[in-house]
Amino acid sequence: MTIDQLLNLDNSYLTLPEVFYARVAPVPVAQPRLVLFNHDLAGELAINSRALTDEQLAVLFAGNTLPANSQPLALAYAGHQFGHFT
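Model, not experiment: these values are computed from the prediction.

## Description of the confidence of the model for the chain
Okay, step 1: Looking at the chain, pLDDT values average 84 and 81% of them are 70 or higher.
Okay, step 2: Put simply, helix α1 (residues 3-6) is where the chain has its lowest mean pLDDT, 66, and helix α3 (residues 54-62) is where it has its highest, 92.

Right, dumping it as C-alpha cells:
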C-alpha cells in the first residue's frame, strides 16, 4: 500500500470562505521518527496504518511526505471552550 492509498482525505474546509484558512505547505521536519502510534484508533478512522512502516508513518504525519490528493492548509480558529470566544 502506498501513502496515497492510506488516507481518504476530505477537503471540506476548502469550501469555507478564504478568511478561515490559508493554503500553506508544511515545513519539513529533520529526521522525523515515530515515537508512539495508536493503531487501534487509526483503524477506527479507516486508516490502514499497519500497511506502512514506522518510517513511512513518521514522514507522513510530520508533513514531509504529502499524499497526492492532499491540499495543505492552516486554519484560523476562535475557540469557545472557556465560555467565550478567544
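## Quick notes on the environment of His39
Okay, step 1: By secondary structure assignment, the location of His39 is in helix α2 (residues 39-44).
Okay, step 2: On the accessibility criterion, His39 (22% relative accessible area) is partly exposed.
Okay, step 3: His39 sits eleven residues away from Arg50 along the chain, and the two C-alpha atoms are 7.3 Å apart.
Okay, step 4: Those residues in contact with His39 that lie beyond four places of it in its chain are Ser49, Arg50 and Leu57.

## Notes on the nonpolar core
If you look at soluble globular proteins, the nonpolar side chains tend to sit buried side by side.
Okay, step 1: Leu6, Leu7, Ala42, Ile47, Leu52, Leu57 and Leu60 form the largest nonpolar core, which has seven residues in total.
Okay, step 2: Those residues in contact with Leu7, other than ones at most four positions away along the chain, are Ile47, Leu60, Pro67 and Asn69.

Parameters at a glance
Residues numbered from 1 in each chain as written. Predicted model: local features only at pLDDT ≥ 70, side-chain atom pairs only at ≥ 80, totals over all residues. Heavy atoms only, no water. pLDDT = per-residue confidence, 0-100. Helix = DSSP H or I, 4+ residues; strand = E, 2+ residues; numbered from the N terminus. Buried < 20%, exposed > 50% of the residue type's maximum accessible area, 1.4 Å probe, protein only. Contact = heavy atoms within 4.5 Å. Core = buried A, V, L, I, M, F, W, Y, C linked by side-chain atoms within 4.5 Å.

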